[in-house]
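# Per-entry structural report
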There are 2 protein chains.
Amino acid sequence: MNNFNFCNPVNIVFGKNTISQLANLIPSDTKVMLCYGGGSIRKNGVYDQVISALSGKEHIEFSGIEPNPLFETCMQAVDIIKEENIGFLLGVGGGSVIDAVKFIAAASKCEGSAPWEILVNHGTNVSEAMPFGCVLTMPATGTEMNANSVISRKSSDEKLAFASSAVYPTFSILDPETTYSIPKNQLRNGIVDAFVHVVEQYITYDIETPLQDRQAEAILNTLVELADRVLAQNKDYNALAGYMWCTTQALNGTIACGAVGDWSTHMIGHELTAFWGLAHAESLAVVLPGVWKHQFENKKEKLAKFGERVWNLNHDTNDENAVLAIERTVEFFHSVGMPTSLADYNICKDDIAKVSDRFKQRNTIVGEHQNIGHKEVGEILTLCL
Amino acid sequence: MNNFNFCNPVNIVFGKNTISQLANLIPSDTKVMLCYGGGSIRKNGVYDQVISALSGKEHIEFSGIEPNPLFETCMQAVDIIKEENIGFLLGVGGGSVIDAVKFIAAASKCEGSAPWEILVNHGTNVSEAMPFGCVLTMPATGTEMNANSVISRKSSDEKLAFASSAVYPTFSILDPETTYSIPKNQLRNGIVDAFVHVVEQYITYDIETPLQDRQAEAILNTLVELADRVLAQNKDYNALAGYMWCTTQALNGTIACGAVGDWSTHMIGHELTAFWGLAHAESLAVVLPGVWKHQFENKKEKLAKFGERVWNLNHDTNDENAVLAIERTVEFFHSVGMPTSLADYNICKDDIAKVSDRFKQRNTIVGEHQNIGHKEVGEILTLCL
């Protein structure tokens, strides 16, 4: 096991009818900016619950945060924060809204350096951020209980991530009933997103982290067990609660403790979103099998363990179990309605160079062995056609 | 799943050669009291590492904290804190030292009400505590990453617990190399302690917490997998690191999220310690099988699941798997060298009334169904003879 630090101070408030607790969780002595997206919270009743809980607290609204939230949109919010003397942010929505709020929180305190530098430097230059809380309405990314954020910039077709302990939410409210109105394709995206978050932290190479491996498998097995009930969209509270908690636990730092992470699927997937607009989870489902096939020799021990413990494989050799584990994963993605090839998005062989060229320009090397550069990215995406 | 709140702000610093990080973790602007036990840290090199890291920081020492730490000892420390104007506590040792430091931290800020009331009220009256950090040298209780403490009072043969969010450690350093010199019986105690912590939060009744169930099984399976290597005492770093992290994860709040807890084994076991001096884990290993047999009908669904997923049982009925799960657990305790009956401690039938009388006096009712009072405590202990 590797040495590690773990400190996750987010106050999670989980369960039915918990949005009203905002009244106590939000500070009373400052002006609040309520941030949200395209208005789905106005249709499902969440907006009304939030406004009711904010009663008596000075607040303004900033709406229109888009999926794959844009730097340009966030900077509009930063301007308003400075004009309106805001002291606390409340993000209400899914991963995009919360990621945007994290960036807004950091950028609004970033005097002297250009806000885009936060992303170029992956957050290493962030020392302070405005405090903020969240009401999560779309389980998927885990951002409600971590210090990560991903922001896109329209002007340059870029999608970059940053992380800083300054952007842990003060609190996050998770009411599974807010998920009753989520469209099926977004439930599918959330299941795949959480699944890939886990395997990016688990399917690498063995340095003896038996508890963390089993904690990863716990999330994967639960996602697989609950997927049909979640996708049935019949207000199955316990299934949605279990699913929601899986998505949070998938990326709150616990399973990463002392283990080796990969994240090459995410890094390559971000470019598919930046160039062709795939949803985050769609990009992951396409890239993951390619990464696993390309890195088979390096990952086969963990793939075999995953095959045995998640897909109940019991063949004679690690190689057989590892090969089948990849197949079973692809079948699982298909079973929830998720495509797994570039062709499904009309991306063809000639497009691949666009992605690998970007890795070349940035001199980006990824993977747990730091062995995936622009050439290997091209080879991986060729396996994803 | 039940509603829940989860917030665990402890900064965990885990791994080899991490004690030197104390230099940065301890505040520089206040006088520190270093608290420890009977001097084992002087023999295994931990004391020297701590003193080296404290170099240049004003500090005094308070030693002699005993196993099952005494209220009377803690109050001596509180007097010194007031005389010496201490502003930060550092506990170096196992669960007893850290539990004592938690109580000292709370009692030293408890103006106006008697410190013993902290325990009588189980911490509900604690609003403030002195900040403190820990260096854990004995994995077992999980106290290094929670807000619980158990204190004994010699004058009345009582052992009582308290909990308060005011007594989360600021940081806890966990260096698995500090465990190399732990005596075998204390390694055995730690394995059983962590195992019972998990099952107290898991073997109750099903309210659909599939992720939490699997997270519990992850810890149990890892403890079972590592036990032999831990007990071999041959400086097997990865086995001890995995074991140490299991003991922390067993009681840091994660597996309790939204689930139903029992804790009757602990409540009854505390009395065996208070009256006859059994080590905490020894008391748990005696009481647990009795609680499970007595509450068999209420717990058999979860016992069967536990039997299938931890002991690989595969019989036709839940009843068979549940019965065998109890047997396998007892066998596991024996395999690590842990006795499981009152007779092993020369406690006989006539002694049982002493424990049940105390439940009667205090009008204590325990168990996840709140159905274990003094009469049932007597019945359970009769099953433990």
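Along each chain, numbering runs from 1 in the same order as the chain's sequence is written. Labels are handed out in written order, letters beginning with A for the chains and numbers beginning with 1 for the ligands. Note on the predicted model: pLDDT of at least 70 is required for a residue's local features to be given, and 80 or more for side-chain atom pairs to be given and counted; whole-chain, interface and lining totals, by contrast, use all residues. Side-chain metrics in this entry use all non-hydrogen atoms of the structure; hydrogen atoms and water are not considered.

Okay, the overall build of chain A next. A count of helices and strands for chain A gives 15 helices and eight strands. On the principal axes, the C-alpha backbone points of chain A span a range of 65 × 45 × 45 Å. Accessible surface is estimated by sampling points in the Shrake-Rupley manner with a 1.4 Å probe; for residues, cover comes only from the protein chains shown. If you sum the accessible surface of chain A, you get close to 14000 Å²; carbon and sulfur atoms cover 46% of it. The positive count covers Lys and Arg only, the negative count covers Asp and Glu only, and His and the chain ends enter neither. Charged side chains are reduced to one point each, which is NZ for Lys, CZ for Arg, CG for Asp and CD for Glu. Positive and negative side-chain charges in chain A, numbering 29 and 45 respectively, have mean positions lying 2 Å apart. For helices the rule is a DSSP run of H or I covering at least 4 residues; for strands it is a run of E covering at least 2, with both sets numbered from the N terminus onward.

Moving on: the interface of chain B and chain A. The interface of chain B with chain A comprises 41 residues on the first partner and 40 residues on the second. Two parts lose some accessible area (1.4 Å probe) when they are put together, and adding that loss for both gives the buried area. Taken together, both faces of the contact between chain B and chain A bury some 3400 Å²; the carbon and sulfur share is 54%. Whenever a carboxyl oxygen of Asp or Glu lies within 4 Å of a side-chain nitrogen of Lys or Arg, that contact is scored as a salt bridge. Linking chain B with chain A are four salt bridges, by the criterion used here. A salt bridge links Glu208(A) to Arg229(B), with the shortest nitrogen-to-oxygen separation between them at 2.9 Å. Pairing of N or O atoms within 3.5 Å defines a polar contact, subject to two protein rules: one partner must be a possible hydrogen donor and the other a possible acceptor, and residues neighboring in sequence count only if both atoms are side-chain atoms. Linking chain B to chain A there are 18 residue pairs in polar contact (both at pLDDT 80 or more). Elements supplying a minimum of two residues to the side of chain B that touches chain A: strand 1 (4-14), helix 8 (210-231) and helix 9 (237-249) of chain B. At 12 residues, helix 8 of chain B tops the list of elements feeding residues into the side of chain B that touches chain A. Broken down by class, the residue content of the side of chain B that touches chain A amounts to 21 nonpolar, 15 polar and five charged. Contacts are residue-level and defined by heavy atoms, with any inter-residue pair within 4.5 Å sufficient. As a working rule, the residues Ala, Val, Leu, Ile, Met, Phe, Trp, Tyr, Cys and Pro are called nonpolar, Asp, Glu, Lys and Arg charged, and the rest polar, with Gly in that last group.

Bringing the pairing of strand 2 (residues 32-35) of chain A into the picture now. Residues and elements named next belong to chain A. A simple rule labels every residue: compare its accessible area, found with a 1.4 Å probe on the protein chains alone, to the largest value its type can have, and call it buried under 20%, exposed over 50%, or partly exposed in between. The side-chain alternation of strand 2 yields two buried faces, one formed by Val-32 and Leu-34 and the other by Met-33 and Cys-35. At least two DSSP bridges between two strands are needed for those strands to be called paired. Sheet topology note: the strand 2/strand 3 (residues 59-62) ladder contains four bridges and is parallel. What sits directly across from Leu-34, in strand 3, is Glu-61. Relative to strand 4 (residues 88-93), strand 2 runs parallel, the two being bridged by four bridges. Residue pairing across strands places Cys-35 opposite Gly-91, the latter belonging to strand 4.

Attention shifts here to the relation of the copies chain B and chain A. Alignment of copies: least-squares fit on C-alpha atoms of residues with pLDDT of at least 70 in both copies. With an RMSD of 0.0 Å, chain B superimposes on chain A once it is rotated by 180 degrees and translated 0.0 Å along the axis. Classification of the inter-copy transformation places it as that of a two-fold axis. Every residue of chain B has its C-alpha some distance from the rotation axis, and the shortest such distance is that of Pro9(B), at 2.1 Å. Taken together, the interface assignments show that 98% of the residues at the interface of chain B recur at the interface of chain A, consistent with an identical surface on both copies.

Glancing now at the confidence of the model for chain A. In predicted models, pLDDT denotes the confidence assigned by the predictor to each residue on a 0 to 100 scale. Averaged over every residue, the pLDDT of chain A is 96; the share at 70 or more is 99%. This prediction of the complex comes with two scores: 0.97 for pTM and 0.97 for ipTM.

All names here are of chain A. Axis lines are fitted to C-alpha atoms, over the contacting stretch for helices. Their N-to-C directions set the angle, which ranges from 0 to 180 degrees. One way to put it is that helix 7 (residues 184-202) packs onto helix 13 (residues 318-335) with a least axis distance of 10 Å and a crossing angle of 155 degrees. Put simply, helix 7 runs roughly antiparallel to helix 13. Once helix 7 is placed against helix 13, the crossing between them reads as right-handed. Contacts between helix 7 and helix 13 involve Ile-191, Val-192, Phe-195 and Val-196 from the former and Thr-329, Phe-332 and Phe-333 from the latter. In the contact of helix 7 with helix 13, the residues fall into six nonpolar, one polar and no charged. By the definition adopted for this analysis, an angle is roughly parallel if under 35 degrees, roughly antiparallel if over 145, roughly perpendicular if from 65 to 115, and oblique otherwise. Crossing handedness is defined as follows: a turn of the near helix away from the far one that is anticlockwise and smaller than a right angle gives a left-handed crossing, while the clockwise case is right-handed.

This part is about unusual backbone geometry. The backbone of Gln370(A) shows a phi angle near 50 degrees, a positive value even though the residue is not glycine. Along the polypeptide, Gln370(A) turns up in the loop between helix 14 (352-362) and helix 15 (374-382). Residue Gln370(A) is classed as exposed on the basis of its relative accessible area of 52%. Positive phi, normally seen in glycine, also occurs at Asn346(B), with a value near 60 degrees. One can find Asn346(B) in the loop between helix 13 (318-335) and helix 14 (352-362).

Residue and element names in this part refer to chain A. With the rule as written, the count across this model stands at 40 salt bridges over all chains. Here Lys-305 makes a salt bridge to Asp-213, at a shortest N to O gap of 2.8 Å. Taken together, the positions of Lys-305 in helix 12 (residues 296-310) and Asp-213 in helix 8 (residues 210-231) put the pair 92 residues apart, joining distant regions of the chain. We note that Lys-305, like Asp-213, is buried. Among the charged side chains, a salt-bridge network with shared partners connects Arg-153, Glu-158, Glu-271, Arg-358 and Arg-362.

Attention shifts here to helix 13 of chain A. Residues and elements named next belong to chain A. With 18 residues, helix 13 ought to run about 26 Å at 1.5 Å a step, and its terminal C-alpha atoms sit 25 Å apart, in line with that. In this structure, the buried residues of helix 13 make contact with helix 7, helix 8, helix 11 (280-294) and helix 12. Gly-337 sits one or two residues past helix 13 and shows a positive phi near 90 degrees. Helix span, expected: 1.5 Å multiplied by one less than the number of residues in the helix.

This part covers the packing of aromatic side chains. All names here are of chain A. Stacked, tilted and edge-to-face pairs are distinguished by plane angle, under 30 degrees for stacked and over 60 for edge-to-face with tilted covering the rest, among Phe, Tyr and Trp rings (Trp via its six-membered ring) whose centres lie within 6.5 Å. Taken as a whole and assessed by the stated rule, the structure comprises 36 aromatic pairs over all chains. Among the aromatic residues, those joined into a ring-pair cluster are Phe-195, Tyr-202, Trp-292, Phe-306, Trp-311, Phe-332 and Phe-333. The criterion is that NZ of a Lys, or CZ of an Arg, lies within 6 Å of the ring centre and within 35 degrees of the ring normal, and then a charge sits over that ring. Sitting over the face of the ring of Phe-71, Arg-153 holds its NZ or CZ atom 6.0 Å from the ring centroid. Seen from the ring of Trp-116, Arg-153 lies directly overhead, with NZ or CZ sitting 3.8 Å from the centre.

Another aspect to go through is the side chain of Thr222(A). As for its position among the elements, Thr222(A) is in helix 8. Taking the relative accessible area as the measure of exposure, Thr222(A) reaches 0% and is therefore buried. In terms of polar contacts, Thr222(A) uses its side chain to reach the backbone carbonyl oxygen of Ala218(A), at 2.6 Å. Thr222(A) has contacts with Cys246(A), Pro210(B), Leu211(B) and Arg214(B), leaving out every residue within four places of it along the chain.

A few words now on the sheet that holds strand 4 of chain A. Two strands in a sheet stick together by hydrogen bonds in their backbones, pointing the same way (parallel) or opposite ways (antiparallel). Spatially, 3(A)-2(A)-4(A)-5(A)-8(A)-1(A)-1(B)-8(B)-5(B)-4(B)-2(B)-3(B) is the arrangement adopted by the 12 strands of the open sheet, whose pairing is mixed. Across the chains shown, the open sheet's two edge strands, defined by having one partner strand only, are strand 3 of chain A together with strand 3 (59-62) of chain B. Neighbouring strand axes in the sheet, compared pairwise and without regard to direction, differ in orientation by 25 degrees on average. Contacting strand 1 (4-14), strand 5 (132-136) and strand 8 (171-174) of chain A together with strand 1 of chain B, helix 9 (residues 237-249) of chain A runs over the sheet at an angle of about 150 degrees to strand 1 of chain A.

All names here are of chain A. Here helix 7 crosses helix 12 at 135 degrees, and the two axes come no closer than 11 Å. Classed by the angle they form, the pair helix 7 and helix 12 counts as oblique. Contacts from Phe-195, Val-199 and Tyr-202 in helix 7 reach Lys-302, Lys-305 and Phe-306 in helix 12. Partitioned by chemical class, the residues of the contact of helix 7 with helix 12 number four nonpolar, no polar and two charged.

Moving on: the environment of Val230(A). Residues and elements named next belong to chain A. By the secondary structure assignment, Val-230 is in helix 8. On the accessibility criterion, Val-230 (2% relative accessible area) is buried. Beyond its immediate sequence surroundings of up to four residues, Val-230 is in contact with Leu-187, Ile-191, Ala-239, Leu-240 and Tyr-243.

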